Amino acid sequence: MIRYSLICDDKHEFDVWFKNAADYDKQQKRKLVTCPACGSSKIEKALMTPSLGRGTKKGTRVEAPSAEAPAPAPVPAENKTPVAMMSPQEREFRTKLKELRDHLTKNAENVGGKFPEEARKMHYGEKEHRSIYGEASPQEAKDLAEEGIEFHPLPILPDERN
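Residues numbered from 1 in each chain as written. Predicted model: local features only at pLDDT ≥ 70, side-chain atom pairs only at ≥ 80, totals over all residues. Heavy atoms only, no water.

The next subject is the nonpolar core. Residues Tyr4, Leu6, Cys8, Phe14, Phe18, Ala21, Tyr24, Val33, Cys35 and Ile43 constitute the largest nonpolar core, which totals 10 residues. Those elements that place two or more of their residues in this core are strand 1 (2–8), strand 2 (13–18) and helix 1 (21–29). In terms of residues, this core owes the most to one element, strand 1, which gives three residues. Filtering out sequence-adjacent residues up to four positions away, Tyr24 remains in contact with Tyr4, Leu6, Phe18, Ile43, Glu44 and Lys45. Judged by nonpolar contacts, the second largest core, of seven residues, contains Val111, Phe115, Ala119 and Ile132. (Core = buried A, V, L, I, M, F, W, Y, C linked by side-chain atoms within 4.5 Å. Buried < 20%, exposed > 50% of the residue type's maximum accessible area, 1.4 Å probe, protein only. Helix = DSSP H or I, 4+ residues; strand = E, 2+ residues; numbered from the N terminus. Contact = heavy atoms within 4.5 Å.)

Tallied over the entire structure, the rule returns seven salt bridges. Among the salt bridges present, the one from Glu118 reaches Lys127, with a minimum N-O distance of 2.9 Å. The salt bridge partner of Glu147 is Arg120, with a shortest N-O separation of 2.9 Å. Of the two residues, Glu147 sits in the segment after helix 4 (138–146) while Arg120 sits in helix 3 (residues 115–123), which places them 27 residues apart along the sequence. Members of the salt-bridge network, linked through shared partners, are Glu109, Glu118, Lys127 and Arg130. (Salt bridge = Lys/Arg side-chain N within 4 Å of Asp/Glu carboxyl O.)

Below, the discussion takes up the packing of aromatic side chains. Each aromatic ring pair is characterised by the separation of its centres together with the angle its planes make. Under the criterion given, the structure shown has four aromatic pairs. Consider the rings of Phe18 and Tyr24, whose centres lie 5.1 Å apart with planes at 80 degrees: the pair is edge-to-face. Take Phe18: its relative accessible area is 2%, and that puts it in the buried class. Judged by its relative accessible area of 5%, Tyr24 falls in the buried class. Members of the aromatic cluster, connected to one another through ring pairs, are Tyr4, Phe18 and Tyr24. (Phe/Tyr/Trp six-rings, centres within 6.5 Å; stacked < 30°, edge-to-face > 60°.)

Here the focus is the pairing of strand 2. Across six bridges, strand 1 lies against strand 2 in antiparallel orientation. Of the residues in strand 2, the one forming a bridge with Ile7 is Glu13. Where strand 1 folds back onto strand 2 in an antiparallel hairpin, the turn is made up of four residues, including Lys11, whose phi is positive at roughly 70 degrees. (Pairing = 2+ DSSP bridges.)

Sheet architecture is open: three strands sit in the order 2-1-3, paired in antiparallel fashion. At either end of the open sheet lies a strand with only one pairing partner, and these are strand 2 and strand 3 (43–45). Neighbour to neighbour, the strand axes of the sheet diverge by 40 degrees on average, direction disregarded. With three bridges joining them, strand 1 and strand 3 adopt antiparallel strand pairing. (Axes fitted to C-alpha atoms, helices over the stretch in contact; angles between N-to-C directions.)

Our next topic: the layout of surface pockets. Looking at the second largest pocket, its volume works out to about 800 Å³. Lining the second largest pocket are 28 residues, with Phe115, Ile132, Tyr133, Phe151 and His152 positioned closest to its centre. For the lining of the second largest pocket, the secondary-structure elements that each account for two or more residues are helix 2 (88–107), strand 6 (109–112), helix 3 and strand 7 (132–134). The element best represented in the lining of the second largest pocket is helix 3, accounting for four residues. Its residues assigned to classes, the lining of the second largest pocket comprises 16 nonpolar, eight polar and four charged. (1 Å grid on protein atoms, 1.4 Å probe; cavity = no way out; pocket = protein on both sides within 12 Å on 5 of 7 lines; lining within 4 Å. Points joined across faces, edges and corners; volume = space filled by probe spheres on them. Nonpolar A, V, L, I, M, F, W, Y, C, P; charged D, E, K, R; others polar.)

Take the side chain of Asn20 next. Inspection of the secondary structure puts Asn20 in the loop between strand 2 and helix 1. Within the local environment of Asn20, its side chain forms a polar contact with the backbone nitrogen of Ala22, the two atoms lying 3.1 Å apart. (Polar contact = N/O pair within 3.5 Å; in protein donor to acceptor, adjacent residues only side chain to side chain.)

Here it is, written out as structure tokens:
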């Protein structure tokens, strides 16, 4: 479990527990995370401070008092998801990747699983060239590359999975 301090566009601050970082990303993408004060779904992570314990005179550690429910047990390692804190430049790069993906999917035809077949037909002059996107297995992608057919993977950002 992970707790995020969140803030809405009206500056209401609140805390929410999630199963893991990916769970937050999925819910945020689907606009399921909303402000309890105003209902806004325009939510961002707020700056969080670490929870530090206080030492006693005997040197034993005592956790700082909290008005919230006790913290849940640690999540087993197999449920952990890779996470990163991004710099402003990395956030800008991520935005540009999303813009590229949005542009391609808006302005090209989705041919789904027929991508390898359609790409070959265009490459070998059987069909007129046009912008397409779709799906290919790793083996199909390898075969296309070996045939000299130019294609590029669409960028997939973590919050876009499922």
